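Survey of secondary and tertiary structure
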Amino acid sequence: MRSNTDAALRENGASREEGREFTHSAHWGVFHARWNGDKLDIRPHRSDPAPSPMLRNLRDVLTHKARVRKPAIRKAWLDNGPGPQRRRFGDEFVEVSWDEAIRLLGDDLNRVVSTYGPQAIYGGSYGWASAGRFHHAQSQIHRFLNVALGGYVKSVNSYSAGASQVLLPRVIGTFEEMTRYNVTWDMIAEHTDVVVSFGGMAVRNSMVASGGVSRHVEPVAMRQAAARGAVFHMFSPLRDDLPEDLPVVWHRLKVGTDTAIILGMCHTLLVEDLHDKAFLGRYCVGFDKFADQLLGKTDGIVRDADWAARHSGIPAETIREIARSLVRGRSLITMAHALQRARFGEQPVWAALALASMVGQIGLPGGGYNYALGSLGHTGRPKVKVDVPSLPQGTNGVQDFIPVARIADMLLNPGAPYHYNGELRHYPDIKTVYWAGGNPFHHHQDLKRLQEAFARPETIVVHEHSWTATAKVADIVLPATMTLEREDLGASRADPLLVAMHQISQPVGQARDDYDIFSDLADHLGKREAFTEGRSTRDWLRLFYDDARRQLIDLGIEAPDFETFWEIGELELPLLPDDGGMFGRFRRDPEGHRLATPSGKIEIFSETIASFGYDDCPGMPDFFPCDEQPTAEYPLTVIANASATRLHSQLDYGEYSQSLKVKGREVMRINPVDAAARNISDGDIVRCFNHRGACLYAARVTEEVMPGVIHLPTGAWYDPLDDNAETPTCMHGNPNVLTRDIGTSKLAQGCTGQVSIAQCERYDGQLPPVAAFDPPRFVNA
Ligand code: PGD
């Protein structure tokens, strides 16, 4: 069996050379690493003004017990063959040789494709995987499935932005340009007088950017703006959704009522005649209908500040005053991804667009509306002029797809109809699920239901470097390398640094690059040449680099050859002007730069969306109270958002993530009022529960969380106590046992994991050990 990993190792002699410093990049930043005994000393890139503490998670993970060291097959699958079956946590595995694993998997893929066709393979394989243009796991798996098997059922959109990725193209024509290349942090530092932020711009989120960034500029820019006198209003249940050292006016709204507040502000501007009629006339359509709705002409409900106050708990005068302040100076409205990761999540995104249109500053430096600013590290930056290529995907011969968060629905209901973005679609009948670079038992909602869904396919395949919960319920688990164990090119359109990601360690155990695994599988299927095009990893990296180098030379910029670049370790790429991006161009020339909407303008009312006739997402933004409200039994609102100590579930066993756990458990934050009512003190173990499941946490009692809310960060590895229990209990603190598996609306069907309901009590029972990071039991065949 040929292996590019082995070849690369020999070629480069990469090893744990003491004293040598290697450059590398992760989704949480560019860094240099140097071996110090068994640990890595990590130094952030010198140009990073606010590096991520998550870099510390890389220090001690390479040889952790959680690593997948050999190909492994679930014993029940080996014994009984492929077929629907309940896959349990605690099932036994058999370790096999690579040759055996490739043969068994290759034959099974052949069986499925020849019996059912490639449309029986779900290769959506959602997940963040690792930074790097070449080893990007999704690109690898999609290329393999296309080239070697003729295609697969894919997923569309993301768990991050499921609602807005469908809505925004309908109402402003694009998602990417709005979120990534719009108002920049430099502009905010220089121009903005008032920031009204719905959901905040949490630094824990902007520490992360897919592909990685070398400069985390967000906290610095916010501080500069504040020092210049900018005022930050934040609507959020959590204080640290904006930096704690930033002077912030914190508005503790009832969770899920942002849209009501925004409509209340719109109403204020309308009745006080403060709205920008010229902007609305020239750049927008549908304002008249929206105005009628605000005034209650359509249904008798006047959406004024008093109405908004009744829903949100924010005083009406505060809502009015903030609305007035928006037109007094340069103002920016921001909206976090988080708000649309909830039922009816399309509405706040659209309502804020309507509000910003009424203010009339869209397209001005530091003004207008920036959805998702600060939700990830690659927003709010000028675009890089050069496009560094990634692995070509080939052609997918299967047209079918699902909105990504509908995976359990799909597996449980083959053939069932569902609405999506104006279509009535039907779920495909999936026999094989193939995953590389994601962890659905971290990212999906209602994990008990997901486990039932995972009982349906005949075969589940996972490439992983660690024994995640998803790996533990798979049938075939193939050990993938960690990013530190291979070389790659680090680049993102939002950061000027092109990084030579050097290999820092040889692969642990028998781990192999996804590329090598797919190359050998393709070989088994007679498609090696088509998959590899005869190239080693190095050849692909050189190809990508040479393409970028050619673009630089065309721009008249000198760039070293690949070998010199690799030796230097990085290359600074030129940026496009910081000119306000799409909205800037549109404002300057609305005819020459029409938006890609039916009207060419901002659609405050969308005839297209209205024509779909959806009751949960009509033709213009409106407020829908969440259809799962706290009850007497489950009186607390759960906010389950991204963790500050790791990227999603990645490297949860790493030094930094572990250092902030208490008694090995994830930390739940609760307001002192709610803690006192339950006799809970700081550091106590607590049980959070609802009708879907339960999980244990260590309590942190803090004013940073508003009363009535508990904060449960995502990413603690799922560790179910009793696989047979009616509802699962996670010993470690994965909030997705509590969350609801339902789409945002018929329009987008996005993930709604951000908000749910629960009760919480002190847990005085015996504390079971956390087994989340233990590998499964291995037995002989
Ligand atoms: P990660 O933990 O990043 O989570 O969900 P996602 O599945 O992306 O999973 C990536 C996996 O890839 C890890 O298990 C890692 O070990 C593996 N991996 C890394 N590198 C490689 C590689 O090179 N090869 C292979 N084969 N594997 C690799 C994230 C998702 O969770 C997202 S994006 C969001 S925004 C959602 N957020 C929420 C939320 O706010 N609230 C709830 N309740 N739930 C959410 N889930 C979503």
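Predicted model, so just to flag it, every value in this text is computed and none were measured. Residue indices follow the written sequence of each chain, beginning from 1 at its first position. Predicted model: local features are reported for residues with pLDDT of at least 70 only, side-chain atom pairs are reported and counted for 80 or more only, and whole-chain, interface and lining totals are derived from all residues. Only hydrogens and water are removed before side-chain values are computed, so all heavy atoms of the structure are retained for them.

**A closer look at the sheet that holds strand S9 (residues 231-235)**
When DSSP finds at least two bridges between two strands, those strands are taken to pair. A helix here means a DSSP run of H or I that spans at least four residues, while a strand means a run of E at least two residues long, and both kinds are numbered starting from the N terminus. Read across the sheet, five strands follow the order S10-S9-S8-S12-S13 without closing on themselves; strand pairing throughout is parallel. This sheet does not close on itself; its edge strands, each paired only once, are strand S10 (248-251) and strand S13 (368-371). Geometrically, the sheet is characterised by an average inter-axis angle of 15° between neighbouring strands, direction not taken into account. We call two residues in contact whenever any of their non-hydrogen atoms come within 4.5 Å of each other. The convention used is that axes are lines fitted to C-alpha atoms, helices contributing only their stretch in contact, and that angles between N-to-C directions extend from 0 to 180 degrees. Packed on one face of the sheet, helix H10 (residues 258-271) meets strand S8 (194-198), S9 and strand S12 (331-335) and runs near 145° to S8.

**Let's talk about the side chain of His 45**
The residue His 45 is located in the loop between strand S3 (39-44) and strand S4 (72-74) in this model. A distance of 2.7 Å separates the side chain of His 45 from the side chain of Ser 47, its partner in a polar contact. Once residues within four sequence positions are removed from consideration, His 45 is found in contact with Val 30, Phe 31, His 32, Ser 214, Leu 497 and Glu 570. Identification of polar contacts relies on pairs of N or O atoms within 3.5 Å, with a donor-acceptor requirement for protein atoms, meaning one able to donate a hydrogen and the other able to accept it, and with residues adjacent in sequence counted only if both atoms are side-chain atoms.

**Concerning the layout of surface pockets**
Note on definitions: the grid is 1 Å and covers protein atoms alone; a cavity is a set of points where a 1.4 Å probe fits but cannot get out; a pocket is an open set with protein on both sides within 12 Å along at least five of seven lines; lining residues have an atom within 4 Å of a point. Grid points are joined across faces, edges and corners, and a volume is the space filled by probe spheres set on the points. As a volume, the second largest pocket reaches approximately 1100 Å³. Contributing to the lining of the second largest pocket are 37 residues, with His 136, Glu 176, Arg 180, Ser 210 and His 378 lying nearest its centre. Of all elements in the fold, only helix H4 (137-149), helix H6 (176-180) and strand S20 (488-492) reach the threshold of two or more residues within the lining of the second largest pocket. Of the residues belonging to the lining of the second largest pocket, the class tally is 12 nonpolar, 21 polar and four charged. Throughout this entry, Asp, Glu, Lys and Arg are counted as charged residues, while Ala, Val, Leu, Ile, Met, Phe, Trp, Tyr, Cys and Pro are counted as nonpolar. The remaining residues, Gly among them, count as polar.

**A look at the side chain of Arg 67**
Following the sequence through the fold, Arg 67 ends up in the loop between S3 and S4. The cut-offs for exposure are 20% and 50% of the maximum accessible area for each residue type, with area from a 1.4 Å probe on protein chains only; residues under the lower value are buried, those over the upper are exposed, and the others partly exposed. Classification of Arg 67 as buried rests on a relative accessible area of 2%. In contact with Arg 67, other than residues within four places in its own chain, are Val 61, Leu 62, His 465, Ser 466, Trp 467, Ala 480, Thr 481, Met 482, Glu 485, Val 508, Ala 511 and Tyr 653.

**Comments concerning the packing of aromatic side chains**
Note on aromatic pairs: each is described by the distance of the centres and the angle between the planes. Any Phe, Tyr or Trp ring, taking Trp's six-membered ring, that has another such ring centre within 6.5 Å forms a pair; planes under 30 degrees apart are called stacked, those over 60 apart edge-to-face, and the others tilted. Taken as a whole and judged by the stated rule, the model has 37 aromatic pairs. For the pair Phe 612 and Tyr 614, a centre-to-centre distance of 5.5 Å together with 45° between the ring planes defines the contact as tilted. Residue Phe 612 is classed as partly exposed on the basis of its relative accessible area, which comes to 21%. By relative accessible area, which is 6% here, Tyr 614 ends up buried. An aromatic cluster is built from Phe 134, Phe 144, Tyr 434, Tyr 515, Phe 518, Phe 531, Trp 540 and Phe 544, whose rings are joined through pairwise contacts. Above the ring of Tyr 116, the side-chain terminus of Lys 431 is found at 5.0 Å from the ring centroid. Over a ring means this: the NZ of a Lys or the CZ of an Arg is within 6 Å of the ring centre and within 35 degrees of the ring normal.

**Structural notes on the site of the ligand**
Taken together, 33 residues are adjacent to the ligand, and Ser 130, His 443, Glu 464, Asp 514 and Ser 649 come closest. Within the contact set of the ligand, a nitrogen atom lies 2.8 Å away from a backbone nitrogen or oxygen of Ala 640. At a separation of 2.9 Å, an oxygen atom of the ligand approaches a polar side-chain atom of Gln 650. At the level of elements, helix H18 (440-443) and strand S18 (459-464) are the ones that each hand at least two residues to the shell around the ligand. For the shell around the ligand, the residue count by class is seven nonpolar, 22 polar and four charged. A molecule or strand has a residue near it when one of that residue's heavy atoms lies within 4 Å.

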